[in-house]
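# A look at the structure
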Amino acid sequence: MSAPGVLSFTQQGWERVLAKVRRAVVYLDAACAESLHWGCGAARLLDAVGAPACHLREFERDAAGGGAAQPKAVFVLSGLLKGRTVDTLRDIVRRSHFQYCVVVTAVSHAVHLTANHVPAAAAAELEGQRPVFDQLEEKLCEWMGNLNYTAEVLHVPLLLAPAAAHLALTPAFASLFPLLPGDVRVLNSARPDKRRLGSLAEVDAAALTPELQLQIRCLVSGLSSLCEHLGVREECFAVGTLSRVLAADLANYAPAKNRRKTAPGRASVVFVDRTLDLTGAVGHHGDNLVEKILAALPQLPGHTNDVAVDMVELTALHAGGDCQDVVAPGCLAQANDPAARALWDALLSTRHKEAVMEVRRHLVEAASRENLPIKMSMGRVTAGQLTSYIQLFRNNLQALTSHCGLLQLGLATVQTLKHPHTAKWDNFLAFERLLLQSIGESAMGTVLGQLLPLVKPASQRTQDDYSPEELLVLLVYIYSVTGECPADRELDEAEELVKGALAQAFCQEPELSPLLQKITGCDCSMNLTPHKSKLAVDELFSSLRDLAGARRLMKQFKSVHAPGSHGHQASYRPLLKQVLEEIFHPERPDPADIEHVSSGLTDLLKTGFSMFMKVIVLSTRLLKPLSVPELLFATDRLHPDLGF
């Protein structure tokens with residue numbers, strides 16, 4: 001086993017699952033499938049099953065049951081064994097012929113007690129026992145139709161999808177999003193007048209909805225298991241409202257308190273609300289190939305952090321034809337291919353130019369090892385050049401099989417270089433730089449005025465113009481980088497003009513994209529009336545105003561915009577970079593916005609940056625290890641800020 005880290009944590013968990021799946025029908029939900037995808041690969045699971053036929057199925061209510069020749073089932077689930085999940089489990093088992101069922105949940109038994117409203121004192125007395133799991137085991141035998149059949153329920157912390165050695169994703173919590181100022185109104189709607197919240201500063205765990213409290217506790221359970229695997233006693237810090245709640249829950253989580261008493265190492269965990277800075281997530285500052293691949297290629301079905309790579313180029317079918325449903329897509333995750341994994345790690349941490357040269361080098365070396373008739377060419381790397389190298393493998397099955405992972409990354413590069421979105425990248429970057437300069441020199445209304453001419457209905461747009469989705473990206477960029485600004489007549493008028501143009505553009509779309517369907521609540525353009533479009537745009541701008549006010553409570557980190565001067569252009573200052581500079585600056589006083597969350601009286605006596613020393617590195621945004629280690633998580637799903 002390698003040194004403790006996010007990869008070994010995930011692989012160790014999956015080894016426990018794989019030990020149970022021999023000749024079983026295996027059901028996975030989407031989040032666990034994504035963890036397997038990045039951590040071990042589906043091939044490892046299929047090898048462990050060992051059956052002549054593939055019996056890997058998605059966990060859903062309509063999933064096929066097991067036949068008479070399939071007596072064993074393993075269910076691998078990311079969430080609580082409660083509510084709809086148990087109903088689906090029951091339906092599948094009842095229509096099957098199972099005699100042996102294993103249910104693996106990524107959520108600990110302690111959290112299941114919380115979900116079943118067991119008081120903390122009673123839960124402490126049940127330490128070492130597992131009544132919720134035992135009860136489900138009895139139910140499983142009952143649903144199988146014979147109490148003498150075998151059922152097992154166990155907890156395996158399948159929290160992470162390790163995209164790289166120092167980059168981990170949490171697909172089960174892709175929908176967990178930090179609170180915005182407007183959410184205070186929603187929380188107050190369920191509170192009596194005398195207990196109304198004045199701002200996000202007053203929000204604690206008790207103020208959240210029960211569903212959100214449980215979601216946070218599930219995440220805390222997984223993070224505690226990770227810290228146990230790393231052998232560290234964590235100190236919790238927070239930047240932002242939801243991060244403070246999450247950090248407090250981890251600091252005071254009873255199983256974590258017991259674990260810390262014997263942990264040999266130390267770590268600082270810094271939680272950061274992503275909504276404090278969405279500029280990097282939607283911006284185009286980064287000169288990184290992976291960032292462009294993620295932006296250009298379609299999402300891999302069922303996944304939150306991988307893309308679908310068209311593999312038709314490696315077949316005898318005609319590229320560009322209707323072959324998408326014939327050939328399975330490729331992807332970026334190559335868990336069992338060391339050469340492809342090495343290339344992926346290089347792509348994550350190098351600039352665009354060096355990255356495409358690295359792809360060419362790997363393809364040339366692979367072709368040379370297979371004695372393929374490669375024609376070397378120096379100079380600038382082009383999509384056509386890479387395609388010619390990739391096509392050498394097409395008629396050599398052994399070479400194609402041996403280097404399949406590398407070829408998938410190569411095709412992802414080619415398709416990104418050819419994609420229209422990549423051609424627009426420089427246009428986005430130029431407009432964002434203009435916005436950065438304008439923000440320092442002009443009012444917000446003037447900045448919005450620069451966006452207005454870009455809003456065009458479908459009938460007037462050319463290939464170089466911005467689609468509604470791309471305009472929304474620019475709006476998020478503008479409001480996030482600008483931050484809160486006082487309302488005035490000019491801003492109100494500018495907003496109304498942009499809102500009117502957007503509402504009209506939405507109505508004239510021939511087909512609504514999935515994003516526009518979600519925003520407008522209409523499944524097709526025929527159902528989108530001007531009134532519905534106006535209401536949707538009004539709500540959208542309300543959210544943008546909330547986003548601009550996300551840093552309202554910050555003292556040090558109020559701005560991510562660095563104004564220009566005579567010698568320098570205005571620039572974007574990533575909030576996470578500011579946080580790390582504060583943490584590691586040797587002469588700074590205690591940071592005002594990095595809040596230490598204590599778990600007891602002893603912790604209250606600790607102050608200063610001494611708590612950030614001798615700790616371990618894991619960052620959800622940085623793509624290279626830091627010279628001074630730090631354990632760092634974000635409270636929502638990752639979008640790499642590769643321009644940092």
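The structure displayed is predicted, hence computed values, not measured ones.

The next thing to look at is the domain arrangement of the protein chain. As assigned here, the protein chain comprises domain 1 (6–158), domain 2 (162–280 + 619–633) and domain 3 (298–418). On a C-alpha basis, the centroid separation for the pair domain 1 and domain 2 is 26 Å. Contact with domain 1, which involves 22 residues of that partner, is made by 19 residues of domain 2. Buried area between domain 1 and domain 2, both sides added, is near 1600 Å², and the carbon and sulfur share of it is 73%. Linking domain 1 to domain 2 there are zero salt bridges. Linking domain 1 to domain 2 there are five residue pairs in polar contact (both at pLDDT 80 or more). The class makeup of the residues in the side of domain 1 that touches domain 2 is eleven nonpolar, nine polar and two charged.

Turning our eyes to something else, we now look at unusual backbone geometry. Look at arginine 23: it is not a glycine, yet its phi comes out positive at around 55°. Looking at where arginine 23 falls in the secondary structure, it is placed in the loop between helix H1 (6–18) and strand E1 (25–28). Residues other than glycine seldom take positive phi values, yet asparagine 371 does so here, at roughly 60°. On the secondary structure map, asparagine 371 appears in the loop between helix H15 (352–369) and helix H16 (383–391).

Here the focus is the confidence of the model for the protein chain. Model confidence for the protein chain is summarised by a mean pLDDT of 86, while 91% of its residues fall at 70 or above. Strand E4 (residues 100–105) holds the highest mean pLDDT among the elements of the protein chain, 97, whereas strand E13 (residues 631–634) holds the lowest, 34. The low-confidence segment residues 601–610, where pLDDT is below 50, has 15 contacts with residues more than four positions distant or belonging to other chains. Throughout residues 613–644 the model reports pLDDT below 50, and contacts reaching past four residues in sequence, or to other chains, amount to 116 contacts.

As a further point, take the side chain of threonine 275. Within the secondary structure, threonine 275 sits in the loop between strand E9 (265–272) and helix H12 (279–282). A residue is classified by how much of its surface remains accessible, and threonine 275, at 2% relative accessible area, is buried. Look past the residues within four positions of threonine 275 in its chain and what remains in contact with it is Phe177, Pro178, Leu179, Leu180, Leu547 and Ala550.

The next point concerns helix H3 (residues 42–49). Within the sequence span of H3, burial applies to Leu45, Ala48 and Val49. End-on view of H3: buried residues confined to an arc of 100°, all on one side of the axis. For H3, the secondary structure elements touched by its buried residues are H1, E1, helix H2 (30–39) and strand E2 (56–58). Positive phi appears at glycine 50, one or two residues downstream of H3, with a value of about 70°.

This part covers H1. Under the 1.5 Å per step criterion, the end-to-end length of H1 is 18 Å for 13 residues, consistent within 8% with the ideal 18 Å. Buried residues of H1: Val6, Ser8, Phe9, Thr10, Gly13, Trp14, Val17 and Leu18, and no others.

Let us now look at the nonpolar core. If you look at the biggest cluster of nonpolar residues, it comprises 58 residues, and the most contacted ones within it are Val239, Leu451, Leu475, Tyr479, Leu502 and Phe541. If near-sequence neighbours (up to four positions away) are discounted, leucine 475 is found in contact with Leu448, Leu451, Leu502, Phe541 and Leu544. Leu297, Val309, Ala355 and Val381 belong to the second-largest nonpolar core, a separate cluster that totals 46 residues.

Scanning all chains against the criterion turns up 25 salt bridges. Across the pair aspartate 134 and arginine 130 runs a salt bridge whose closest N-O atoms are separated by 3.2 Å. Close ionic contact of glutamate 581 with arginine 573 constitutes a salt bridge, the shortest N to O distance being 4.0 Å. Classification of glutamate 581 by relative accessible area gives partly exposed; the value is 39%.

Spatially, E2-E1-E3-E4-E5 is the arrangement adopted by the five strands of the open sheet, whose pairing is parallel. Two strands in the sheet have a free side with no partner beyond their single neighbour: E2 and strand E5 (150–155). When strand polarity is set aside, the average angle formed by the axes of neighbouring strands in this sheet is 15°. In terms of strand pairing, E4 meets E5 through six bridges, oriented parallel.

Calculation criteria
- Residues numbered from 1 in each chain as written.
- Predicted model: local features only at pLDDT ≥ 70, side-chain atom pairs only at ≥ 80, totals over all residues.
- Heavy atoms only, no water.
- Domains from an automatic or database assignment.
- Contact = heavy atoms within 4.5 Å.
- Buried area = accessible area lost by both parts, 1.4 Å probe.
- Salt bridge = Lys/Arg side-chain N within 4 Å of Asp/Glu carboxyl O.
- Polar contact = N/O pair within 3.5 Å; in protein donor to acceptor, adjacent residues only side chain to side chain.
- Nonpolar A, V, L, I, M, F, W, Y, C, P; charged D, E, K, R; others polar.
- Helix = DSSP H or I, 4+ residues; strand = E, 2+ residues; numbered from the N terminus.
- pLDDT = per-residue confidence, 0-100.
- Buried < 20%, exposed > 50% of the residue type's maximum accessible area, 1.4 Å probe, protein only.
- Arc of directions from axis to C-beta.
- Expected span 1.5 Å × (residues − 1).
- Core = buried A, V, L, I, M, F, W, Y, C linked by side-chain atoms within 4.5 Å.
- Pairing = 2+ DSSP bridges.
- Axes fitted to C-alpha atoms, helices over the stretch in contact; angles between N-to-C directions.

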